[in-house]
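These are the residues of each chain, in order.
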Amino acid sequence: MAQANPIQHPTQHVIQHVKQAFVAAIWLAFLTLPIMVIRVDTVEKTVTWRWMNLAYMALGSFVLALAWYCMMERRDQSQARKDLETVERDSALSRFLSDPRFAKPLMAFGLLVAAGFPWFFSMYQTNILVSALIYVVLGLGLNITVGLAGLLDLGYVAFYAVGAYTYALLNHHFQLGFWTVLPLGAVLGAFFGILLGFPVLRLRGDYLAIVTLGFGQIIRLVLENWSAFSFGPSGISNIDRPGLFGITYSVEQATTYMYYIMLALVLLTIFVTARLKDSRIGRAWLALREDEIACQAMGIDNTRAKLMAFSLGATLAALMGVVFAAKTTFINPASFTFMESAMILAIVVLGGMGSVLGVILGAFLLMLLPEYLRAFSEYRMLIFGFTMVLIMVFRPQGLVRAKRKVYKINVEQAG
Amino acid sequence: MGQGMNEATNRSAESAVLSVRNVSMNFGGLRALSEVDLDVRPGEVVALIGPNGAGKTTFFNCITGIYTPTGGEVTAYPRTGKPKRPEGIRINGMRTNLVCELGMARTFQNIRLFPSMTALENVMIGRHCRTKTGILGAVLRGAATRREEQEVVDKSFEMLTKVGLEKLANEYARNLPYGAQRRLEIARALATEPFLLLLDEPAAGMNPQETEELKQMVIRIREEFKVSVLLIEHDMKMVMSLSDRIYVMEYGRIISTGTPKQVGEDPQVIRAYLGEDSDA
């Protein structure tokens, strides 16, 4: 009945949707009658009937249901239209963003705002932005593993933890500075990436997801329980902030400094991932994601491609771990739960798997919205979950669909 | 070009580019291939035919490294291409990607393209094993990388032109019509610069006209790229007119081999295809 019949007149559709929504509203009102309407006071021994609530409930659910049915129909129609067309059309958003007339000034403007941000906004805002930027890099890192190479990694946060603990422990025991540990952390991240990569080479899909999930849990549990090594749940505090030629600076200046470090790292990551995406390596990853058997049969070394994807993703996560430890000056295993992995994965999926721009947008959306929705903090997870469901229903490809590069061909050879 | 082809065929008429001896493949207790012998000589089009379930695709998987044969020898003699090993190299159990790098490229019975990549990119994947840009090169994108990249693009486009898909270069592979997908698979295989092209039912699902075009294309490709072709096919008209030699397989065994004429007259082949005639 919900199936849209193309011969029907549009108004008939609307009438049908109204009917459907009406039935849904009546049904829901009936179901919620006991909780919403009847109130039994056991002390006074009275029963109150709040009929107005029933009306609100019915009206609210009617409007929501109607909107839902109309949106579903629009989606089905556009899907049907897409099936008829051979040429794929991009969404308005990605067309707008890929148009150089808008993209160039937009990028310049974005960079300008980013460069001046700490001077115009408070330390609090800058701090939030630094967190968001960390998640941008984490998202871009996981995008290599999940979005490009198609290896579903649910334990990504483990590498983030590796980076953070590398800096925290080396700083605590040997007083090594931020700039020394940054490359060290990256190397260690790559090492752990390969370490995880080897046993999961033969796995794919769900199996891979479960093993990586386990790996993430192992790292967290080790950190939590091996107190002699990692100081257990109490964590490590008083981690040094990044050094600046031996100059001492205030907390506020530290935030600004951190912000610029992060901005540089984000730009570097965008540069690296964007270049990799359209290179020989990036294409090999895509082929690996699309069809593993065909990929190997066409001469691509699957083992190498997978390990590269794992270790590169892990390297970026470990780098961010070092930054995170330096930023917060305190870390404990609670920062590296599965929830974080899920969040980073959500950034990648919501933004658009394989699309650099999409992941950046996704990170900002998922990190900044909850910050500014503090007023609704009780409903935060509810709104969050609801948004995710909506996006997956209406835009399963993410905010920005990954677009393939159109290559320039030297047409000199005769066909 | 055709003349050079003939010379090459004459000069090494006896030596093979691929020689399969006694290859068997067991899946648990099931014997899918038993003691298969097969040769492909330079510039030849060899067809492998047989009823459904005879083990033809299993055979392909055995010689391309997807399966490791239970017994026997598969030897390749790459004479052209990058890793020249004219003395022969044993390839059973070798990794699939190395077999491809050696110069044996295949297509699949059920098309296996990379659906969300463009047609051009699909072919570019074929160039992967002939190029060598690493992570650092890709990030820095120096002069050498850029040159290699442009070469890959141009060469891939050339391959698309050879199979008549140049107009569809920037279309996603999943949006191509069926016949074009089949041809794209061939272009992708050609891009790896093979000495032997392995085609697994290239004409499956094609109408007679498309099949004829495909046949002409295979002939053209063989001449132009000097490749040998080993193909599995069910379309008898195509097999009979295209192949130099035919191997007939039934229940994992080669039951007959020879020129199309010889095979067509072999009573065993007729029995395998038409069933036992009780009056005979």
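All figures in this text were calculated on a predicted structure; none of them were measured in a lab. (Residues numbered from 1 in each chain as written. Chains lettered and ligands numbered in written order. Predicted model: local features only at pLDDT ≥ 70, side-chain atom pairs only at ≥ 80, totals over all residues. Heavy atoms only, no water.)

**What to know about the overall build of chain A**
Assigned secondary structure in chain A consists of 16 helices and 2 strands. Across its three principal directions, the C-alpha atoms of chain A cover 85 × 70 × 45 Å. Taken across its 415 residues, chain A has 45% of its residues classed as buried. In chain A, the share of contacts with a sequence separation of at least 24, taken over all contacts with a separation of at least 6, comes to 75%. Roughly 21,900 Å² of accessible area belongs to chain A as shown, and the carbon and sulfur atoms make up 70% of that amount. Distance from the positive charge centre (32 side chains) to the negative charge centre (23 side chains) of chain A: 4 Å. (Helix = DSSP H or I, 4+ residues; strand = E, 2+ residues; numbered from the N terminus. Buried < 20%, exposed > 50% of the residue type's maximum accessible area, 1.4 Å probe, protein only. Contact = heavy atoms within 4.5 Å. Areas by Shrake-Rupley, 256 points an atom, 1.4 Å probe, with all protein chains shown as cover. Lys, Arg positive; Asp, Glu negative; His and termini not counted. Charge placed at Lys NZ, Arg CZ, Asp CG, Glu CD.)

**A look at the environment of A:Leu265**
Residue and element names in this part refer to chain A. Its location among the elements puts Leu 265 in helix α10 (residues 251-277). Distance from Leu 265 to Gly 60, taken between C-alpha atoms, is 47 Å for residues 205 residues apart in sequence. Residues in contact with Leu 265, not counting those within four places in the same chain, are Val 137, Met 320 and Val 323.

**Here we look at the nonpolar core**
Counting residues in hydrophobic clusters, the biggest one holds 107 residues, and the most contacted among them are A:Leu138, A:Phe178, A:Met262, A:Trp285, A:Met320 and A:Val323. Setting aside chain neighbours within four positions, we find A:Phe178 in contact with A:Tyr167, A:Pro242, A:Met258, A:Ile261, A:Val322, A:Val323 and A:Ala326. B:Leu165, B:Ala180, B:Ala187 and B:Leu214 belong to the second largest nonpolar core, which has 48 residues in total. (Core = buried A, V, L, I, M, F, W, Y, C linked by side-chain atoms within 4.5 Å.)

**Comments concerning the packing of helix α7 (residues 178-190) of chain B against helix α8 (residues 208-225) of chain B**
Residues and elements named next belong to chain B. Two elements in contact, α7 and α8, have axes whose closest approach is 12 Å; the angle formed by their N-to-C orientations is 10°. Regarding the angle of α7 to α8, the classification is roughly parallel. Where α7 abuts α8, its residues Gly 179, Arg 183, Ile 186 and Leu 190 lie against Glu 210, Leu 214, Met 217, Ile 221 and Phe 225. For the contact of α7 with α8, the residue count by class is 6 nonpolar, 1 polar and 2 charged. (Axes fitted to C-alpha atoms, helices over the stretch in contact; angles between N-to-C directions. Parallel < 35°, antiparallel > 145°, perpendicular 65-115°, else oblique. Nonpolar A, V, L, I, M, F, W, Y, C, P; charged D, E, K, R; others polar.)

**Overview of the domain arrangement of chain A**
Each assigned domain of chain A is listed here: domain 1 (10-83) and domain 2 (96-394). Computed from C-alpha atoms alone, the centre-to-centre distance between domain 1 of chain A and domain 2 of chain A is 41 Å. (Domains from an automatic or database assignment.)

**So, the packing of helix α5 (residues 123-148) of chain A against helix α13 (residues 302-328) of chain A**
All names here are of chain A. For the pair α5 and α13, interaxial distance at closest approach is 7 Å and the crossing angle is 165°. Judged by the inter-axis angle, α5 sits roughly antiparallel to α13. The crossing of α5 and α13 is left-handed. Note on element contacts: α13 touches α5 through Ala 309, Phe 310, Leu 312, Gly 313, Leu 316, Ala 317, Met 320, Val 323, Phe 324 and Lys 327, opposite Asn 127, Val 130, Ser 131, Ile 134, Val 137, Leu 138, Gly 141, Ile 144 and Thr 145. Among the residues making up the contact of α5 with α13, the classes are represented as 13 nonpolar, 5 polar and 1 charged. (Left-handed = near helix turned anticlockwise from the far one by under 90°.)

**Here's the deal with the packing of aromatic side chains**
Scanning the entire structure with this criterion turns up 17 aromatic pairs over all chains. On the numbers, 6.0 Å between centres and 25° between planes, the contact of A:Phe117 with A:Tyr259 is stacked. Linking A:Phe117 in helix α4 (residues 100-120) with A:Tyr259 in helix α10, this pair joins segments that are 142 residues apart in sequence. Taken as a pair, A:Phe117 and A:Tyr259 share a single burial class, namely buried. Ring geometry for A:Tyr167 versus A:Phe178: centroids 5.9 Å apart, planes at 85°, classification edge-to-face. One end of the pair, A:Tyr167, is in helix α6 (residues 157-174); the other, A:Phe178, is in helix α7 (residues 178-197), with 11 residues separating them in the sequence. There is no split in this pair, since A:Tyr167 and A:Phe178 are both buried. A network of ring pairs unites the aromatic residues A:Phe117, A:Phe121, A:Tyr259 and A:Tyr260 as a single cluster. The residue whose ring lies beneath B:Arg112 is B:Phe108, and the NZ or CZ to ring-centre distance is 5.7 Å. A cation over an aromatic ring shows up here: B:Arg174 above the ring of B:Tyr172, its NZ or CZ 4.8 Å from the ring centre. (Phe/Tyr/Trp six-rings, centres within 6.5 Å; stacked < 30°, edge-to-face > 60°. Lys NZ or Arg CZ within 6 Å of the ring centre and 35° of its normal.)

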